[in-house]
Amino acid sequence: MVQVNKRDTQRWMGMYQQIPMDETGVWVGAENIQVIDDPPSKLTLVCGVDIALTVGGGDYTVFAVCGIDDERNLYIIDVVRQQVDVDKTCETFFLLMEMYPDLITFYIDDDNSSKMLLRLMVEKCKTRSAIIPIQMMPLRGQDKEIRAAPLRGLFMQQRVKILNKSAWVNTLVAELMDFPPTSGSDHDDQVDALSLIGRQYSSIPTPTRNLSKEVEMDFFVKEQNGVQMTTIGLES
């Protein structure tokens, strides 16, 4: 019965996620989209990444930098959306770590594109003696609408706030209101990137949670076969 209902997104949302779509079928309505000018000063920063390796193939690679406050509201503070090759995508990881040094992790779907990118990232990290904290997120055979359900739930609870940055806010809002895309010309890369954070939302610590140095290092560095490696170099 559950598997049958999963094929009907509206029924699945209503029966199992307790967040039925409205009568118009809009995934996130305008009344649930909040755009603000200033986020709180204390946030736990994370980033969802949706990878597209084919340059000019229509899809975008998206980095969505978000923050969680002490009330567990989610703030979308920056979006990088680009059609570039894998080398430039790797450089974006390093750039964002420079821009947001308190960012604790990047979330990426555990698919073939991401595994290819991670192999290159391991080499770049070794060359630079740098550590980029990346966590692979299992797909579990779910389609993107089901994976995006936790994110939509946060919007429906009005817990999501979008920072008013003219460079990307209009494109993001349009994509949210048009999700899921109805034609091949529409994009959902930003929703995919944000969905990664929605899926991990309950595990992201608030800013006041104190992490010891030992826990911090254990998160970034682990030992495999007697060799110290960054977490992105480990086999899942």
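Residues numbered from 1 in each chain as written. Predicted model: local features only at pLDDT ≥ 70, side-chain atom pairs only at ≥ 80, totals over all residues. Heavy atoms only, no water.

## Here we look at the overall build of the chain
Looking only at helices and strands, one finds nine helices and nine strands in the chain. With 236 residues in all, the chain has 46% of them scored as buried. Residue pairs in contact within the chain that sit at least 24 positions apart in sequence constitute 70% of those at least 6 positions apart. In the structure as shown, the chain presents an accessible area of about 12200 Å², 48% of it carried by carbon and sulfur atoms. (Helix = DSSP H or I, 4+ residues; strand = E, 2+ residues; numbered from the N terminus. Buried < 20%, exposed > 50% of the residue type's maximum accessible area, 1.4 Å probe, protein only. Contact = heavy atoms within 4.5 Å. Areas by Shrake-Rupley, 256 points an atom, 1.4 Å probe, with all protein chains shown as cover.)

## Digging into the side chain of D69
Position of D69 among the secondary structure elements: in the loop between β3 (61–68) and β4 (74–82). Within the buried core, D69 has no salt-bridge partner, and the shortest N-O distance to an opposite charge, that of R159, equals 5.9 Å. A distance of 2.9 Å separates the side chain of D69 from the backbone nitrogen of E71, its partner in a polar contact. A distance of 2.7 Å separates the side chain of D69 from the backbone nitrogen of N73, its partner in a polar contact. Not counting residues within four places of it along the chain, the set of residues in contact with D69 comprises P40, K42, L43, Y75, T206 and P207. (Lys, Arg positive; Asp, Glu negative; His and termini not counted. Salt bridge = Lys/Arg side-chain N within 4 Å of Asp/Glu carboxyl O. Polar contact = N/O pair within 3.5 Å; in protein donor to acceptor, adjacent residues only side chain to side chain.)

## With respect to the confidence of the model for the chain
Per-residue confidence for the chain averages 79 on the pLDDT scale, and 75% of its residues sit at or above 70. Considering only residues more than four positions removed or in separate chains, one finds that residues 1–19, a stretch of pLDDT under 50, has 26 contacts. In this model, residues 211–236 is a region of pLDDT below 50 whose contacts with residues beyond four sequence positions or in other chains number 37 contacts. (pLDDT = per-residue confidence, 0-100.)

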